[in-house]
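Descriptive analysis of the structure
So the chains spell out like this:
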Amino acid sequence: MSSPLILALDTDDLDTAKSWIEFTHDSIGVYKIGLEFFLKFGRHGITSLREAGDFQLFLDLKLHDIPNTVSGATSSILDIAPKFLTVHASGGRAMVAAAVAAAPEVSITAVTILTSLSEEDLHEVGFSGSSVKSAVRLAQLAVSAGATSIVCSPLEVSAIREVVPPHIWLITPGVRPSESSTDDQKRTMTPLEAVESGANFLVIGRPITSHWATSGQAMREAAARILEPLIS
Ligand code: C5P
């Protein structure tokens, strides 16, 4: 089964994260660990998660520093063997290239524009033009520096898909099945709309993990329901 779903393990409890993997791995092949989890549990936490089932790791560290430091940081996580490692595209060409050179087996995944930034915020930090234009430009820069995956808003996927080669994976958070709450996500698409716009992977959290409050089985069923239209 090749699933486009990446489950965000947004919990600060290791046993809960392990249970989420156990209950959803029929529908999900990639799990996302962010800074919160990694700074708390480190590589031992990841080893422990791997006892819960076979999965690929999306290590969402969003590295952004001088090339030499990013190279060293990337080398430091090689033994964890993530499938994806995130870096900020705005760190520049040399920084993205340094991560790629340090981990040729890992898909260096460039984050374009954080969806938490409004157009006003972007102008304040010195970006000119719309967020879509900036995201397209950063995606092109990152790909030309060797990144093989891009994280972007679902609303930017089709514009980026037009300018990057087909082997580049586009990964989008901010997706919501039509029956789910949008929570704090402002600009959402359904999973099917995002895939039809050109996304290869969807990062999804609460539409699946909120069912944990009911039962593991409810969570398993929620994941299967979201996957079903994407593979049929
Ligand atoms: O629960 P939900 O489906 O909103 O979770 C989405 C995941 O994607 C969270 O881990 C969130 O931090 C992450 N994310 C996001 N928007 C971004 C980048 C990452 O929602 N622009």
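Scroll up for the structure.
Everything in this summary refers to the structure shown in the same document.

Criteria and thresholds
- Note on numbering: residues in each chain are counted from 1, in written sequence order.
- Reporting of local features is limited, given that this is a predicted model, to residues whose pLDDT is at least 70; pairs of side-chain atoms are given and counted only at 80 or more, and all residues count toward the totals for whole chains, interfaces and linings.
- Note: side-chain values were computed over all heavy atoms of the structure, leaving out hydrogens and water.
- In the sections that follow, a salt bridge refers to a side-chain nitrogen of Lys or Arg positioned within 4 Å of a carboxyl oxygen of Asp or Glu.
- Going along the chain from the N terminus, every DSSP run of H or I of four or more residues is numbered as a helix, and every run of E of two or more is numbered as a strand.
- Each residue is assigned to one of three classes by its accessible area relative to the maximum for its type, calculated with a 1.4 Å probe on protein chains only: buried under 20%, partly exposed between the two thresholds, exposed over 50%.
- Counted charges follow a simple rule, with Lys and Arg positive, Asp and Glu negative, and His plus the chain ends left uncounted.
- Working rule for contacts: check all heavy atoms of both residues, and any pair within 4.5 Å makes them a contact.
- We call a residue near a molecule or strand whenever a single non-hydrogen atom of that residue lies within 4 Å of it.
- N or O atoms closer than or at 3.5 Å make up a polar contact, with two conditions inside protein: a donor-capable atom paired with an acceptor-capable one, and, for residues adjacent in sequence, both atoms drawn from side chains.
- Here the open area of atoms and residues is found with the Shrake-Rupley method and a 1.4 Å probe, where only the protein chains shown may cover a residue.
- As used in this record, nonpolar core signifies buried Ala, Val, Leu, Ile, Met, Phe, Trp, Tyr and Cys residues forming a set joined through side-chain atoms within 4.5 Å.
- Only strands joined by at least two bridges in the DSSP assignment are considered to pair.
- The axes used here are C-alpha line fits, helices contributing only the stretch in contact, and every angle between their N-to-C directions lies in the interval 0 to 180 degrees.
- A patch consists of residues exposed above 30% relative accessible area that lack any salt bridge, with like charges linked at up to 9 Å and nonpolar side chains (Val, Leu, Ile, Met, Phe, Trp, Tyr) linked at up to 5 Å.
- One atom stands in for each charge, and that atom is NZ of Lys, CZ of Arg, CG of Asp or CD of Glu.

**Focus on the pattern of salt bridges**
The final tally for this structure, using the stated rule, is eight salt bridges. A salt bridge links D60 to K32; the shortest N-O distance between them is 3.0 Å. In this pair, D60 sits in strand β3 (residues 56-63) while K32 sits in strand β2 (residues 30-34), placing the two residues 28 residues apart along the sequence. Among the residues examined, D60 registers a relative accessible area of 8% and is labelled buried. A salt bridge links R43 to D79; its shortest N-O distance comes to 2.6 Å. Of this pair, R43 sits in helix α2 (residues 35-50) while D79 sits in the loop between α3 (67-76) and β4 (84-88); the two residues are 36 residues apart in sequence, bridging distant segments of the chain.

**Description of the side chain of R161**
Looking at where R161 falls in the secondary structure, it is placed in helix α7 (residues 157-163). Here R161 sits buried without a salt bridge, and the closest side chain of opposite charge, E162, lies 9.7 Å off (N-O distance). Residues in contact with R161, not counting those within four places in the same chain, are P166, I168, L170, S197, G198 and N200.

**Here we look at the site of the ligand**
Taken together, A8, D10, K32, T115, P173, R176, Q185, V203, I204, G205, R206 and P207 make up the full set of residues near the ligand. The backbone of R206 places a nitrogen or oxygen atom 2.7 Å from an oxygen atom of the ligand. In the complex, 81% of the free accessible area of the ligand, which totals 460 Å², lies under the protein chains. Elements supplying a minimum of two residues to the shell around the ligand: β8 (201-204) and α9 (206-209).

**Describing the nonpolar core**
General note: in soluble globular proteins, nonpolar side chains tend to be found buried as a group. Within the largest apolar cluster, 61 residues are counted, with the highest numbers of intra-cluster contacts made by L9, L59, I150 and I160. With ten residues, the next largest nonpolar core counts A8, V30, F58 and V203 among its residues.

**Considering the sheet that holds strand β1 (residues 5-8)**
Here eight strands make up a closed barrel; going around it, the order is β1-β2-β3-β4-β5-β6-β7-β8 and the pairing parallel. Averaged over all pairs of adjacent strands, the angle between their axes in this sheet comes to 25°, without regard to strand direction.

**Regarding a negative patch on the surface**
On the surface, D10, D12, D13, D15 and E36 cluster together into a patch of negative charge. When you line up the elements, D13 lands in the loop between β1 and α1 (14-24). Owing to a relative accessible area of 35%, D13 belongs among the partly exposed residues under this scheme.

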